[in-house]
Structures are given as structure tokens and as C-alpha cells.
Amino acid sequence: MARLVAMQPRQASPWASSSSPLLPSSLSEFSGAALSISLQKRRRTWQPKGALQVTASGAKKILIMGGTRFIGVFLSRLLVKEGHQVTLFTRGKAPITQQLPGESDQDYEDFKSKILHLKGDRKDFEFVKTSLAAKGFDVIYDINGREAVEVEPILDALPKLEQFIYCSSAGVYLKSDLLPHFETDAVDPKSRHKGKLETESLLDSRGVNWTSIRPVYIYGPLNYNPVEEWFFHRLKAGRPIPVPNSGVQITQLGHVKDLARAFVTVLGNSKASKQVYNISGSKYVTFDGLARACAKGAGFPEPEIVHYNPKEFDFGKKKAFPFRDQHFFASIEKAQRELGWAPEFGLVEGLADSYNLDFGRGTFRKPADFTTDDMILGKSLVLQS
């Protein structure tokens, strides 16, 4: 059932670096629960399809910029499992490793014993240059880079770098009436992701062997952005789901484990040299459809969906909905065609994976906040259907 409300607006009330040697990472906990590296599709164990078969001679010395929050948690495990020497560059404020639900003690101990850590602040450019030059990495995975100026010292430090693999964003594309977005589409130099565009340009101008991955919306266990978690909070509380406007806006989500496989697939792949790839799920979904998919994946009854006109409200600094209120999706055909990569997760299955291995275990990044919901639901009902 869906109902539309439109009312008078109401004002809403408004979330050090030092040089150190590489050391094996230390044991850590994840809020008393662990997250699963083992994922299933139709009851199959998660194994990266089309992953590189690495021999001892093909093993690389890899540095991941970031790697302890979300994407890197899954990416680092795949790389270690394939025989690479993997170092995480972080400020050391968060635990370097965390055991994942479904991950055996033995597998976790094996991973923990092999992962290395370089503590520092990437904005301390002199430290970055001296420390990376001393270590001599073959490959860089830049997961958390936002500005080109943060990448320059890395390139300066590693003139013999074999490959620079960058996590960009599909948010760089210029808004268009013609969808899906392709890698050749016009980009928006005023986008909030303009720093990622400038980084791609820098990599190309420096003659580096680079590959850029442009995800759309990412979801999955450990997600620090309120994507599926926003819906799960409302479903668990038995509340209606407020959706802006008609609810037929089309968007796209990609599972973090599929994204991690894509990052591994481009490693050492000559086809990926100086290329950009959109990475996401194979299906597009409406906002209303996403609310229902979250309910189905998490095992809740079909939710009541409430449509509202955002222009009728003043939410202050609060965000009433976790997605941009527009059609936004991208083609993944290039990655499928050139890399042989394809997403393993369907949307409902992926949402079930996220719920069962994270939110359903009582772990989440942000507590529920229904302030804007109450503003919407507390208004006079004008249409019910």
C-alpha cells in the first residue's frame, strides 16, 4: 500500500601520523560479532569467478590506501588468498583486522598473520613519499582517495609502479535524460566527486598504468553509508517507509563482494590498462521496489510505503532519504565484455546477505533516527491508495 502526503512545512532540528615499520596486524573484534567472508549464491561458497591464478612468481607487493572499513575488508582477503603480499595504509585509529561471521578461527588467524600495516596520514605528503619509496610497492589500490593532490606523492614515491587501481564513483557523470550512464558519457566538473575526476586525469597525464572503478551505490555487510541500513531500521521498528515523490525513480545497487572481485579482476589485466569501468548490480530498481526488496531480503512483511513531496517540508540539515531523488544507474556491459566479470548477487539475495551478516546480528553504523519520518507521517493525509 502506498499513500501520498503533502502538507505545510515545519522546521526540523538538525554526524597523527608517525613513521613506523610494517608490522603484522593485531587481533580485533567487531562489536562482539563477526562478518562473513564466506558468502553464498544458491547455497554456493563465495569464490571469485575469473580471478587471477597467482603463482609465486606472479605475486605482487600491494599497498591498499585504506582497507579497514568496508570495501578493503573484502578486497584484502581476496588478495591475500591469491598469494599477494598486502599492506594496509591507515592512520591506525581503527583495528587493522576483524574476524568476519562465518570465517573460521583458522582462516582468520591465517589472514591476520599475513596482512601488514603501514601507519600514517596520507595527507602528510612527505611521510607518504619517504615511506612508500622505502618499501617499493608494485601495485596501489586507492580505496579512500578523494583528491588528486593526495595521489601525487604516491606517484612521486613509486616511479616503477606497475599499476594504480583507483576507486572512483559513478557520481562523476553529468545528470542526463539518457540512461544508463556509460563510461564515455559526459562528466560533471562541478560534481561533489570532482576530486575523483581530477585524480583520473592526473593518473592519465602521468603516464601511469591505471584503472579506475566507478561504483554506483554500494551495499553489503559493514556498509558505513546508510543505504540498506536506512530501510532495515524502519522495517525492524515496524514503521512505514517514507519515499520521495512517486517512488518510481530508478536506481542501482552493487554488492561490496562483487565490487571486491572486480577490483581483483583488473589486477595485472592488460585489457584494463588506462580504462574506466562502471561496477554495480545487473538489475535496476525503483525506490518503492528497493523498499520491498529490503523487506523480502530481511524477512519482514511487505512494508507500507508513504510518498511525499520534499518541497513541502523543511528538513533542515537532516537527510530524509538516502538516495539522490532522480534516476541514477549505469551500464556494466563494458566490465562484463572486457573483463569477464559479472555480479554474483541478485538484489534480494544480496540484501539478505547484508542483513544476515550485519544488521540482523545487531550491528550497524548509525542508530535509528526517525525525526524526518515523523515530520512526514505526522502531517495530514491527502491521498491514500
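Above this text is the structure in question.
Keep in mind that what you see is a predicted model, and the values were worked out from it rather than measured.

(A) Layout of the overall build of the protein chain. When you go through the protein chain residue by residue, the secondary structure sums to 11 helices and 18 strands. Carbon and sulfur atoms make up 49% of the accessible area of the protein chain, which totals about 17400 Å².

(B) Representation of the pairing of strand β6 (residues 85-90) in the model. Across the 6 residues that make up β6, a large majority, 5, are buried. As paired strands, strand β5 (residues 61-65) and β6 are joined by 5 bridges and run parallel to one another. Following the sheet pairing, Lys 61 is matched in β6 by Gln 85. Taking the sense of rotation as the criterion, the β-α-β connection linking β5, helix α1 (residues 71-81) and β6 turns out right-handed. You can see the chain leave β6, run along helix α2 (residues 105-114) and come back into strand β7 (residues 116-119), and the turn it takes is right-handed.

(C) Structural view of the side chain of Lys 334. Residue placement: Lys 334 occurs in helix α9 (residues 333-339). As a buried residue without a salt bridge, Lys 334 has its nearest oppositely charged side chain in Glu 338, at a separation of 4.7 Å. Apart from residues no more than four positions distant in its own chain, Lys 334 is found in contact with Glu 183, Gln 275, Val 276, Tyr 277 and Leu 339.

(D) Expanded view of α2. Among the residues making up α2, those that are buried are Tyr 108, Phe 111 and Lys 112. End-on view of α2: buried residues confined to an arc of 100°, all on one side of the axis.

(E) How the structure looks around the pattern of salt bridges. Per the stated rule, a full pass over the model turns up 16 salt bridges. Between Lys 318 and Asp 369 there is a salt bridge whose closest N-O contact spans 2.8 Å. You can see Lys 318 sitting in the loop between β17 (305-308) and α9 and its partner Asp 369 sitting in the loop between α10 (347-357) and α11 (371-377), a full 51 residues away along the chain. By relative accessible area, which is 36% here, Asp 369 ends up partly exposed.

(F) Region of the structure containing the nonpolar core. Grouped together as the largest cluster of nonpolar side chains are 39 residues, with contacts concentrated most on Ile 64, Ile 71, Leu 75, Leu 79, Tyr 141, Ile 143 and Phe 263. Where this core is concerned, the elements lending two or more residues are β5, α1, β6, β8 (139-142), β9 (163-167), α7 (256-265), β15 (275-279) and α9. When residues no more than four places from it in sequence are discounted, the contact partners of Leu 79 are Ile 62, Ile 64, His 84, Val 86, Tyr 141, Val 264 and Leu 267. Within the second largest apolar cluster, 37 residues are counted, among which are Phe 231, Leu 290, Ala 293 and Ala 330.

(G) The packing of helix α6 (residues 228-236) against helix α8 (residues 287-298), seen in detail. For the pair α6 and α8, the least separation of the axes is 10 Å and the interaxial angle reads 65°. Comparing their axes, α8 and α6 come out roughly perpendicular. Remark: the crossing between α6 and α8 carries right-handed chirality. For the pair α6 and α8, contact is made by Phe 231, Phe 232 and Leu 235 and by Leu 290, Ala 291, Cys 294, Ala 295 and Ala 298, respectively. For the contact of α6 with α8, a count of residues per class yields 8 nonpolar, no polar and no charged.

(H) Expanded view of the pairing of strand β12 (residues 241-244). The side-chain alternation of β12 yields two buried faces, one formed by Ile 241 and Val 243 and the other by Pro 242 and Pro 244. Examined bridge by bridge, β12 and β17 share 4 bridges and lie parallel to one another. Its bridge partner being in β17, Ile 241 is matched across the sheet by Ile 305.

(I) Focus on the side chain of Ser 331. Mapped onto the fold, Ser 331 is located in the loop between β17 and α9. Exposure remark for Ser 331: the relative accessible area of 3% places this residue in the buried category. The contact partners of Ser 331, leaving out residues within four places of it in the chain, are Pro 180, His 181, Phe 182, Glu 183, Asn 278 and Tyr 284.

Conventions used here
- Residues numbered from 1 in each chain as written.
- Predicted model: local features only at pLDDT ≥ 70, side-chain atom pairs only at ≥ 80, totals over all residues.
- Heavy atoms only, no water.
- Helix = DSSP H or I, 4+ residues; strand = E, 2+ residues; numbered from the N terminus.
- Areas by Shrake-Rupley, 256 points an atom, 1.4 Å probe, with all protein chains shown as cover.
- Buried < 20%, exposed > 50% of the residue type's maximum accessible area, 1.4 Å probe, protein only.
- Pairing = 2+ DSSP bridges.
- Right-handed = clockwise from strand over helix to strand, strands pointing away.
- Lys, Arg positive; Asp, Glu negative; His and termini not counted.
- Salt bridge = Lys/Arg side-chain N within 4 Å of Asp/Glu carboxyl O.
- Contact = heavy atoms within 4.5 Å.
- Arc of directions from axis to C-beta.
- Core = buried A, V, L, I, M, F, W, Y, C linked by side-chain atoms within 4.5 Å.
- Axes fitted to C-alpha atoms, helices over the stretch in contact; angles between N-to-C directions.
- Parallel < 35°, antiparallel > 145°, perpendicular 65-115°, else oblique.
- Left-handed = near helix turned anticlockwise from the far one by under 90°.
- Nonpolar A, V, L, I, M, F, W, Y, C, P; charged D, E, K, R; others polar.

Shape is all these values report; function is a separate question.
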